[in-house]
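Examining the three-dimensional arrangement
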Amino acid sequence: MGITLTGFRRIPLGTWPTLLQEAPRLSEMIGRRVLIKRDDVGELGLAGNKVRKLEFLLGDAAETGADTVITLGALQSNHARLTAAAAARLGLRCELVLYRSVPRSGAAYEESGNMLLDRLFGAVVHTRATRAEAESFAEELAEKRRAAGRNALVIPVGGSNGLGSLGYVAAAAEIEAQLRERRIEQARIIAPLGSCGTAAGLVVGGSQLPWSFDFPCVRAAAEPSRTDLSQMISQTADVLGIEAPSMEKVQVTDRTLGAGYGQPTEGVWQALRTIAGREGVVLDPVYTGKAAHHLLTATEFEPDVPIVFVHTGGASGLFGYAPEATRSLAPNE
Ligand SMILES: *Cc1c(COP(=O)(O)O)cnc(C)c1O
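Below, the structure is looked at part by part. Fair warning: this is a prediction, and the values are worked out from it, not measured in the lab.

Quick word on the packing of aromatic side chains
Within the structure shown, the criterion is met by four aromatic pairs. Ring centres of Tyr-109 and Tyr-321 lie 5.6 Å apart, and the angle between their planes is 85°; on these two criteria the pair is classed as edge-to-face. Residue Tyr-109 is found in helix α4 (residues 107–111), and its partner Tyr-321 is found in the loop between α12 (315–318) and α13 (322–329); the two are separated by 212 residues along the sequence. For Tyr-109, a relative accessible area of 4% gives the class buried. Centroid distance Tyr-261 to Tyr-287: 5.8 Å. Interplanar angle 70°. Geometry classified as edge-to-face. With Tyr-261 in the loop between β9 (250–253) and α10 (266–279) and Tyr-287 in the loop between α10 and α11 (288–297), this residue pair connects regions lying 26 residues apart in the sequence. Taken as a pair, Tyr-261 and Tyr-287 share a single burial class, namely buried. Through a chain of ring-to-ring contacts, three or more aromatic side chains come together here, namely Trp-211, Phe-213 and Phe-215.

Structure representation (structure tokens):
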């Protein structure tokens, strides 16, 4: 492995490597060997993919002496929840600016799931109608806190920038070592594509390996998402001072996106039911459910190449969807 991350300060927030788990009943169903990378499991705040990014982002915050972290996300943001949890653990003040961009309302969506956990971790929660309003409010808030003598850091949506993506450069090395133990060389990596930091890190970290990548979009259509991913890859490579790898082995698809971010489709509920029913593993309706819907229904996978499905977490957000989940998951007669 060519990429070293030792020059970057990293605050340990997880235990690595996470499990790479065989999924025999799922593999049997789709006729391909599937391994699940359990990045949903960990000791911090019900865990998920944002932990890896926060290790680097908060490492940098420690370097600059930040005492307050401000971040943004949709109401049921997993990133916001994990930032609040990490801040609690590190003794930092945390303020969240959450936006109501998803067409969902009601007690479950507004008060349960990640919203409940944000409060549990002691974050100050502000809400705004749109992402644009939240972004300008977060900057104002940071200025206000600085004027009051605090050292405030604003972390971008999803913790996605070149530095945050290093968490997934590290994850790629982890996966490579775990596959090597099993004598697997070639692999197809599947992970949901949101704010692109996860995918960018995996592509940069895995670019020298015989891997291909499949990124089902959960936030926007394939074309703008592919452009966003390509920019995030460049940012990540810049931080490392290396050349950006090509996107040749990267597929970005929006075939399971549905109506948009945070809006689960019938296929998503079915995917949740399938993975839970076959492996006892809980997916989420916003990210991993859409990625799993793709995994379960795509037809173009090479027959002999094992699939690594990156479980990025998010199950705590499932409870925010309780009424519609219950309706969709009701057992068939
Ligand atoms: C944020 C998130 C993603 C998407 O990761 P990005 O780096 O934003 O693309 C996937 N799954 C879960 C559960 C997430 O919370």
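A word on the sheet that holds strand β8 (residues 211–216)
Across the sheet, which stays open at both edges, the six strands sit in the order β1-β2-β10-β7-β8-β9 with mixed pairing between neighbours. Two strands lie at the open edges of the sheet, namely β1 (20–22) and β9, each paired on one side alone. Shown here is a sheet whose adjacent strand axes are inclined to one another by a mean of 25°, direction ignored. Looking at chain direction, strand β7 (residues 187–190) and strand β10 (residues 307–311) are connected through three bridges and run parallel. The residue bridging Arg-188 from the neighbouring strand is Ile-307, located in β10. Of the strands in this sheet, β2 (34–38), β7, β8, β9 and β10 are in contact with α11, which crosses β10 at around 165°.

Some points on unusual backbone geometry
Here Trp-16 and Pro-17 are connected by a cis peptide whose omega angle stands at 0°. Its place among the elements puts Pro-17 in the segment before β1. One non-glycine residue, Leu-46, lies in positive phi territory at about 65°. Structurally, Leu-46 is set in the loop between β2 and α2 (50–63). The backbone phi angle of Arg-183 is positive, close to 60°, even though this residue is not glycine. With respect to the helices and strands, the residue Arg-183 is situated in the loop between α7 (162–181) and β7. For Arg-183, a relative accessible area of 79% puts it in the exposed group.

Here we look at the sheet that holds strand β6 (residues 152–155)
Strand pairing in a sheet takes place through backbone hydrogen bonds and is either antiparallel or parallel in direction. Within the open sheet, the four strands sit side by side as β5-β4-β3-β6. Their pairing is parallel. Single-partner strands in this sheet number two, and they are β5 (124–128) and β6. On average, adjacent strands in this sheet sit at an angle of 20° to one another, irrespective of strand direction. Pairing analysis gives four bridges linking strand β3 (residues 68–74) to β6, with the strands arranged parallel.

Remarks on the state of the cysteines
For the structure on display, the rule yields zero disulfides. Sulfur of Cys-217: no disulfide; nearest cysteine sulfur belongs to Cys-196 and is 8.1 Å away.

Cut-offs applied
Residues numbered from 1 in each chain as written. Predicted model: local features only at pLDDT ≥ 70, side-chain atom pairs only at ≥ 80, totals over all residues. Heavy atoms only, no water. Phe/Tyr/Trp six-rings, centres within 6.5 Å; stacked < 30°, edge-to-face > 60°. Helix = DSSP H or I, 4+ residues; strand = E, 2+ residues; numbered from the N terminus. Buried < 20%, exposed > 50% of the residue type's maximum accessible area, 1.4 Å probe, protein only. Pairing = 2+ DSSP bridges. Axes fitted to C-alpha atoms, helices over the stretch in contact; angles between N-to-C directions. Contact = heavy atoms within 4.5 Å. Disulfide = S-S within 2.5 Å.

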